[in-house]
Amino acid sequence: MNKAIFKENIKRFWPVSFAAFIAYFMCGPFYVLQSRGDLSYGALSSAVSTGNVGYMFVTCAMTVVVGAVVYSYLFKGSSTVFMHAAPASRCELYITSAGSGLALAFAPVLANALVLTAIKLSGKFDGYFRSGSEFRAAEMWNIKSIIGWMIIVWIEIFFIFAICTLSAMISGNGVINVLTSMGLNLLTTLVYLSAQAYASTFLFGFSDGFLTDAMTRLHPVLNYGMNRVVFGNDEMIIGEWSVVIYTLVALGIFTASYWIYTKRANEKTGDSYVFNAVNVMICVLMVYMGSSCIGFIVEDSLRYWGFLLGGIFSFFVGQLIIQKSFRIFNRGLLVSLAASCAVMALVIGCFAADIFGIEKYVPAEDEISFVKVYDSEIYGNTFEISSPENISRVVDYQKMIVDRKTQITAKQKVTAERPEESESWGWFQIDYYLKNGKMVRRHYSIPDSIRADSLSFDDLYSSEEIMGVFDSLISSEPADTQITVFLERYDWYGEPSPYASEYGQYFADKYNDYYGMYDLSDSEKSALMKAFYSDIIRLGLKEISPYDEPVYFNVEIRIAHPLEEYEELAEKSLGSSNEFHDFWYIYDENGIRNGVNEDFGFSVIPQYTETLQVIDEILANHFK
Amino acid sequence: MIQVKGLTKKFGDYTALNGLDLNVETGSVYGLIGINGSGKTTLIKQLTGVLKPDAGEITFDGMNTYDNVEVKQRTGYIPDELYFFGNYSLKNMASFYKGLYKNWNEQRFEEMVADFGLSKTGRISRFSKGMQKQAAFILAMSTMPDYLILDEPIDGLDPIMRKKLWGYILGDVADRKLTVLISSHNLRELEGICDAVGILNKGKIQFEGKLDELKDEMKDMSLEEIFIYEMEGGAVDE
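Residues numbered from 1 in each chain as written. Chains lettered and ligands numbered in written order. Predicted model: local features only at pLDDT ≥ 70, side-chain atom pairs only at ≥ 80, totals over all residues. Heavy atoms only, no water.

Draft legend 1. A look at helix H14 (residues 303-323) of chain A. Residue and element names in this part refer to chain A. Look at H14: 30 Å from first C-alpha to last across 21 residues, which is about the 30 Å you get at 1.5 Å a residue. Arg303, Gly306, Phe307, Gly310, Gly311, Ser314, Phe315, Phe316, Gly318, Gln319 and Ile322 are the residues of H14 that are buried. Positive backbone phi, at 55 degrees, marks lysine 324, one or two positions downstream of H14. (Helix = DSSP H or I, 4+ residues; strand = E, 2+ residues; numbered from the N terminus. Expected span 1.5 Å × (residues − 1). Buried < 20%, exposed > 50% of the residue type's maximum accessible area, 1.4 Å probe, protein only.)

So, in structure tokens, the structure goes:
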């Protein structure tokens, strides 16, 4: 490391660090301070969260800018001459530039961490959260969490800066360097998005679960941002191995960049790229991206034309940028264009021909640990299945769908072209969780006629494993149960509902305009839950909430359970207001977990004969 | 001593230097002359370690120059296109040079700044082209180099400044055995200063020799006339 050059870089470029520190401060500590001691979970968690969008943006932007400025001497003839004539070897120049860049980028993160520490040590943010969180403030907002956040952001910077260094070594001017830095950092994300688009378009049943998991891991900002690491609770610390791997990969990129630097010809300063091979690579990438963008924007019937014309257009735009001239047309260029188009044709061909057999792939039953099923036609929508019989039924159902692909796609065409002749459709998603830790997802849109043909489908939803979720209705104590009945005449805010039904009007006229939570006796609760259970078992999952039946009541049933026995179920909670059967943690006035609620939500239709009878009797008693 | 043997440098299909040989004696001033585009700046950039030769060898007192920090410590260089850090003053640049060069002489720097009448605190970017050249010269000379490489340094300087500049250079040549290689189109000026000249043409040193001997041989011809004679196909015996 050359001390004089290092010191000079810090002296010249410190404003970048300072601006980044201000931005970090505004995204985190400022948000906390303006809460004025009101313990808001949102403010405190985001200040030490890797998913804080402001932090993510500052980290990426600052690191790219730092990379641009510390390596700026490579992009101008006079500065290249000055620095390479100075008494410093290439190795020293490289290490000093990289070292000063990292110091400039790390410093604002450290400064922000010190500010967070000072706020923490003030003692004003140690109490309990106002509401609705899993932790007390002191558990989450502590020195450990601040240091953890800082280290993760440093890892992100290290990785981004490594890519910026690589970009600087291959670029010949400043503008190309910045564009290449951004492009290479976004490369894995763009490749993922395009691969997802190709797969979704060409592969029957493909859905993006595995690809999302795989591709987000290729960049730490994406990985840690989407996983939203909040430190303080050991259960939420992400795998330490990811930190090691990103560091090693970044070190590898730095090493490769140094090797490239030793081969870099200073006489090429000012050109777009210093190495001819890079020109070719960038061209191919631009053709891929441009072809993909245009191909997926245009309508289906013009898709292949979109791919072709998008590729040609982006090729020529790329050449204009790289050569910085409109005089780009020559015979050699046509050869490059043909080669780039051939690469694109190969990519599209691979997806269209399904060379990896993704469409037909169905995991072997002995490879499967458990399955999550999402079905638009079924009450509750989501189920987790682990019994071998049901896993076998799901596998059979998927095989049936795959075998009837031709029939399904033909019906899709009819629906698109002649909607008046189409039948109704639902969707069905399977997430196979395999024993090797991987997840395979398939998502199908299925017409009712094909669904109705499947015996596996019926057997699955009438199985003990699935229907067993309703056992709580008859096994729970009434004292632990809270029931809320909403007349389907009003919406959740008490306003007149557009879905009011005649039968609902009957109840409204007979008893009152509004029904809420009554102080039902234990015997009334018990009778109501037994009636529900009886109706549900009789109707089955397919019939208890069809879309085309009028709804008379919405009923919420909440059953309290002890924490120890139900904690595992609460951890699996989807936390979605659309989920009609779910588990939620209960907190005491100090914000400490002390139980689990099991919630059921039902839309009571005319077929709930026993339930309607019991409700009528209960309401009659209450309105005597 | 500066020695160059078989130096070759290509830019794509174009060969800028083709097996070039050159010798500069220690404590002498060597004038490198050639027509526009003959490769003078390319040669100089390789002497100073900015460009890497494709073939051949460049040594300063037996030490290879490319990526050699010790050689660069002892080399002062004024390129044709000057560079200073943005918004820096002469004082800021001197502070940088002081950290970079082991032999930095602060006293000489102060004396030369006073002598040339430049502002130490004003931004160099606001100096005229001539003043920037003076600033570059002061900085280079204050590193107390053993080798001084100058690429067309006297363009834009007024006669008084040029005289001062040569005064410092020749003083160091005499006192410290400074070895100087200078490229210039001002052949009249070189004629009065150089100990030896090299004429660069088509990627090679077409002629190289002591100036006194050259002038003895080519009686009544100025250096400029000798150069034109050489370029037009006449050959001077070395």
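Draft legend 2. Local environment of the packing of aromatic side chains. For the structure on display, the rule yields 43 aromatic pairs over all chains. Here the aromatic rings of A:Phe159 and A:Tyr246 are separated by 5.7 Å at their centres, their planes lie at 80 degrees, and the arrangement is edge-to-face. With a gap of 87 residues between them, A:Phe159 in helix H8 (residues 143-170) and A:Tyr246 in helix H12 (residues 240-263) connect regions that are remote in the sequence. Put simply, the rings of A:Phe82, B:Tyr83, B:Phe85, B:Tyr88, B:Phe96, B:Tyr97, B:Tyr101, B:Trp104 and B:Phe109 pair up and form one aromatic cluster. In this structure, A:Arg90 is placed above the aromatic ring of A:Tyr261, and the distance from its NZ or CZ to the ring centre is 5.1 Å. Of note, B:Lys164 hangs over the ring of B:Phe116, and the distance from its end group to the ring centre comes to 5.8 Å. (Phe/Tyr/Trp six-rings, centres within 6.5 Å; stacked < 30°, edge-to-face > 60°. Lys NZ or Arg CZ within 6 Å of the ring centre and 35° of its normal.)

Draft legend 3. Just a negative patch on the surface, in detail. A cluster of like negative charges, contributed by B:Asp195, B:Asp212, B:Glu213, B:Asp216 and B:Glu217, occupies part of the molecular surface. Position of B:Asp195 among the secondary structure elements: in the loop between helix H7 (187-193) and strand S9 (196-201). (Patch = residues over 30% accessible without salt bridge, like charges linked within 9 Å, V, L, I, M, F, W, Y side chains within 5 Å. Areas by Shrake-Rupley, 256 points an atom, 1.4 Å probe, with all protein chains shown as cover. Salt bridge = Lys/Arg side-chain N within 4 Å of Asp/Glu carboxyl O. Lys, Arg positive; Asp, Glu negative; His and termini not counted. Charge placed at Lys NZ, Arg CZ, Asp CG, Glu CD.)

Draft legend 4. The arrangement of the interface of chain A and chain B in detail. Opposite the 22 residues of chain A that make contact, chain B presents 27 residues. The junction of chain A with chain B conceals about 2,200 Å² of combined surface from both sides, 63% of it contributed by carbon and sulfur atoms. In this structure, the connection of chain A to chain B is made through 1 salt bridge. Across the pair B:Lys9 and A:Glu267 runs a salt bridge whose closest N-O atoms are separated by 2.9 Å. Where chain A meets chain B, there are 6 residue pairs in polar contact (both at pLDDT 80 or more). If you list the elements that add at least two residues to the side of chain A that touches chain B, you get helix H1 (3-27), helix H5 (77-85) and helix H6 (90-121) of chain A. Among the elements that take part in the side of chain A that touches chain B, H5(A) stands out by supplying 7 residues, more than any other. Of the residues in the side of chain A that touches chain B, the class split is 9 nonpolar, 6 polar and 7 charged. (Contact = heavy atoms within 4.5 Å. Buried area = accessible area lost by both parts, 1.4 Å probe. Polar contact = N/O pair within 3.5 Å; in protein donor to acceptor, adjacent residues only side chain to side chain. Nonpolar A, V, L, I, M, F, W, Y, C, P; charged D, E, K, R; others polar.)

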